[in-house]
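Residues per chain are reported as follows:
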Amino acid sequence: LLGLCLCLRERRTWEWRDAPRARAQVLLFALLALAFVLIGRGVGILDDRKNLALISLMANGHIPPPFYMDGATPFKYHYGSQLFGAELMSLGGLMPWSAFDASKAIFGALAVLLAWHLGRRWTHRAAGGYAMAALVLFASGARWLLLLAPSSWIAAASETIQMWGSGADTAADLATALTSTWTVSGGPPVGIPFAFVNGMNEPLALSIQAGTLPLARLLLLLLLLTLRRERNAWAMVVWTSALALLALTWETDFLVFGGALLGLALFLRIWHKGSFLNRSVKWAAISVLAAGLISLVQGAIAFVPLRPGPRASAFLWSAATSIRR
C-alpha cells in the first residue's frame, strides 16, 4: 500500500489501462492461495502450538507477544509472519486456525507468483518463469537422491546411522524410512514421503505450513524484483519497511541479504575510489542500515501496557535490546 501510494504521486508511472493484462496472474494467485488453504486445513506439523498462540495473543493486543507458555517471559523470537494472521483474526473475525491457514496460503501464493516474475525477467521467457517458480516451490535437500543409490549401499550406511526424532518414529533404520511415509503428529491424511523431508533445507511446498519461510521468500523476491527499478529516493521508504519486516520474520535472511548489499556497496565504494557508487546499491544499503536500527526496537514500539510498572519497563527494555536468535 505504501508503494502504491508513492507510485500514484507520479501519474506517468501508473497506467490503469495495463491493469486488465494482469487478470490471469490475479486468477493464478487466487487458485494457488485456495490450493494452499485446502492443503493446510487441519495440518499441524510445524509448530502450530506456537503459531496459533501468537496469533491469538497479538490479535488481542499483546504486541510484542509474551512467551506463549509463560506470560511473564518475553518472546525473544521472530513473529513477523504471525502478524498478518493476527490482523485477519482481529479485523476479519476469523478464528486463529482459519486466520493462520489464510495468511500462510497468501504468503505462499505470492512467493510463487513473484518467483515466476523473477525467472521470466532473468530468462526473457515464460518457461524460465515456470522453472523458477517450480524451483522455489520444490527445491530442497538431497535426501531423495538416496533413492537412486544402490540398495546395498543404503543398507550398509543404515548400520552406522542413528535415527532420532520423527525419523526414529518413522522407521528403525534409514533404508526402511526412505521408502516409508513420514510419521509426524498432525500430518495430512495423505502421508508425506520421508525422502521428501529434509531437516537442513525443507521445500517451500512443505514449509508453507509454518508461514515464516514463505513470507521471508516473498520479501526477498520483492526486493530482488524492485532493486534497480526505483525512480527516486522514496524507494528507500518502501525498502526499509520490507527489510524491517524481513528482520522480524527471518533474522538470518535479513543478515545474509542485508550484509551482502552492504558488502557490495563497500566494494563499489573502494573499487572506484569513492568516485562512483551505483544509486540502487547505495539506497539499498541505506535501507538496510535503517531497517537494522528499526529491528532493534520495532517489537517494543506498539506495546502499551495497561498498568505500566517495573515488570512492564523490564519487558520493554528486554524486547528493545535483546538480539533475536
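By convention here, each chain's residues receive numbers from 1 onward along its written sequence. Totals for whole chains, interfaces and linings use all residues, but because this is a predicted model, local features are given only for residues with pLDDT of at least 70 and pairs of side-chain atoms are given and counted only at 80 or more. Side-chain figures throughout are based on the complete set of non-hydrogen atoms in the structure, without hydrogens or water.

Undergrad: Tell me about the overall build of the protein, residues and numbers included.
TA: The secondary structure listing takes helices from DSSP runs of H or I that are at least 4 residues long and strands from runs of E that are at least 2 residues long, numbered from the N terminus. Of the regular secondary structure elements, the protein holds 15 helices and two strands. Put simply, the protein has 325 residues, and 40% of those count as buried. A contact between two residues is defined here by any heavy atoms of the two lying within 4.5 Å. Considering only residue pairs separated by 6 or more positions, the protein has 66% of its internal contacts joining residues 24 or more positions apart. A total accessible area of about 18,800 Å² is found for the protein, and carbon and sulfur atoms account for 66% of it. Residue exposure (1.4 Å probe, protein chains only): buried if accessible area is under 20% of the type maximum, exposed if over 50%, otherwise partly exposed. Note on areas: these come from Shrake-Rupley sampling with a 1.4 Å probe, and a residue is covered only by the protein chains present in the view.

Undergrad: Report on helix α11 (residues 212-226), specifying residues and quantitative values.
TA: Its 15 residues place the ends of α11 22 Å apart at the C-alpha level, agreeing with the 21 Å of an ideal helix rising 1.5 Å per residue. Where burial is concerned, most of α11 is hidden: eleven out of the 15 residues are buried. Buried residues belonging to α11 abut α4 (80-92), α5 (96-123), α10 (204-207), α12 (235-249) and α13 (251-271). Count one or two residues on from α11 and you reach R228, which has phi positive near 70 degrees. Residue count minus one, scaled by 1.5 Å, sets the expected span of a helix.

Undergrad: If you had to explain a nonpolar patch on the surface to someone new, which residues and values would you point to?
TA: Candidates for patches are residues over 30% relative accessible area with no salt bridge; among them, like charges are joined within 9 Å and nonpolar side chains (Val, Leu, Ile, Met, Phe, Trp, Tyr) within 5 Å. Within this document, salt bridges are pairs made up of a side-chain nitrogen of Lys or Arg and a carboxyl oxygen of Asp or Glu, the two lying within 4 Å of each other. On the surface, W144, L145, L147 and L148 cluster together into a nonpolar patch covering about 440 Å² of accessible area. With respect to the element layout, L145 can be found in the loop between α6 (126-138) and α7 (151-158).

Undergrad: An account of the confidence of the model for the protein is needed here, citing residue identities and associated values.
TA: Chain-level pLDDT for the protein is 84 on average; 88% of the residues reach the 70-or-more range. Of all helices and strands in the protein, the one with the weakest mean pLDDT is helix α15 (residues 310-321) (42), whereas α5 scores best (95). Across residues 300-325, confidence stays below pLDDT 50; counting only partners more than four residues off in sequence or on other chains, it has 35 contacts. The pLDDT value expresses, per residue, how confident the predictor is, ranging between 0 and 100.

Undergrad: Any details on the pattern of salt bridges? Residues and values, ideally.
TA: With the rule as written, the count across this model stands at three salt bridges. For D253, the salt bridge identified is with R217, shortest N-O distance 2.5 Å. Taken together, the residues D253 in helix α13 and R217 in helix α11 connect sequence positions 36 residues apart. Note that E230 and R279 form a salt bridge whose closest N and O atoms lie 3.5 Å from each other. Separated by 49 residues along the polypeptide, E230 in the loop between α11 and α12 and R279 in helix α14 (residues 279-301) bring together distant segments of the chain. Owing to a relative accessible area of 9%, E230 belongs among the buried residues under this scheme. A relative accessible area of 41% places R279 in the partly exposed class.

Undergrad: Break down the packing of α12 against α13 for me, citing the residues and quoting the values.
TA: To get an axis, a line is fitted to the C-alpha atoms, and for a helix only the part in contact is used. The angle between two axes follows their N-to-C directions and goes from 0 to 180 degrees. Remark: α12 packs on α13, axes separated minimally by 5 Å, with the N-to-C direction vectors making an angle of 135 degrees. With respect to α13, the axis of α12 lies oblique. Residues L243, L246, A247 and T249 of α12 touch α13, and the partners they reach there are E251, D253, F254 and F257. With respect to orientation, any angle under 35 degrees is reported as roughly parallel, any angle over 145 as roughly antiparallel, any angle of 65 to 115 as roughly perpendicular, and every other angle as oblique.

Undergrad: An account of the environment of L225 is needed here, citing residue identities and associated values.
TA: Along the chain, L225 falls in helix α11. With 108 residues separating them in the primary sequence, L225 and H117 have C-alpha atoms 8.0 Å apart. Leaving out residues up to four positions away in the same chain, L225 has contacts with L114, H117, L118 and R121.

Undergrad: Would you mind going over the packing of α5 against α11 in detail, with residue names and values included?
TA: In the contact formed by α5 and α11, the axes pass within 8 Å of each other and the chain directions differ by 30 degrees. Between α5 and α11, the crossing angle belongs to the class labelled roughly parallel. The two elements α5 and α11 cross, and the hand of that crossing is left-handed. Here F107, G108, L110, A111, L114, A115, H117, L118 and R121 of α5 lie close against α11, whose contacting residues are P214, L215, L218, L221, L222, L224 and L225. Along the lines of polarity and charge, the residues of the contact of α5 with α11 split into 13 nonpolar, two polar and one charged. The hand of a helix crossing depends on one turn: near helix anticlockwise from the far one by less than a right angle means left-handed, and clockwise means right-handed. In this classification, Asp, Glu, Lys and Arg are treated as charged, Ala, Val, Leu, Ile, Met, Phe, Trp, Tyr, Cys and Pro as nonpolar, and every other residue, Gly included, as polar.

Undergrad: Break down the nonpolar core for me, citing the residues and quoting the values.
TA: Residues grouped as a nonpolar core are buried Ala, Val, Leu, Ile, Met, Phe, Trp, Tyr and Cys residues, joined through side-chain atoms within 4.5 Å. The biggest cluster of nonpolar side chains holds 40 residues, and the ones touching the most others in it are F36, L243 and L246. At the level of elements, α2 (23-40), α5, α6, α11, α12, α13 and α14 are the ones that each hand at least two residues to this core. Excluding anything up to four places from it in sequence, F36 contacts A105, G108, A109, V112, L137 and I208. With 16 residues, the next largest nonpolar core counts I154, L174, A195 and L206 among its residues.

Undergrad: Describe in detail the side chain of S287, supporting the description with residues and values.
TA: Take S287: it is sitting in helix α14. Judged by relative accessible area, S287 falls into the buried class, the value being 1%. Apart from the residues within four sequence positions on either side, S287 is in contact with M236, W239, T240 and L243.

Undergrad: Got a sec to walk through the side chain of S158? Specific residues and values, please.
TA: Along the chain, S158 turns up in helix α7. Residue classification places S158 among the buried residues on the basis of a relative accessible area of 12%. Here a polar contact means two N or O atoms within 3.5 Å. Within protein one must be a hydrogen donor candidate and the other an acceptor candidate, and residues neighboring in sequence count only if both atoms are side-chain atoms. Among the polar contacts made by the side chain of S158, one reaches the main-chain carbonyl oxygen of I154 at a distance of 2.7 Å. Sequence-distant contacts of S158, that is, excluding residues within four places in its chain, are made with D173, L174 and A175.

Undergrad: Give me the lowdown on the pairing of strand β2 (residues 70-74), citing residues and values where you can.
TA: Strand pairing is assigned whenever DSSP detects at least two bridges linking the two strands. The pairing of strand β1 (residues 66-67) with β2 spans two bridges and is classified as antiparallel. Bridged to P66 within β2 is P74. In this structure, the hairpin formed by β1 and β2 is closed by a connection of two residues.

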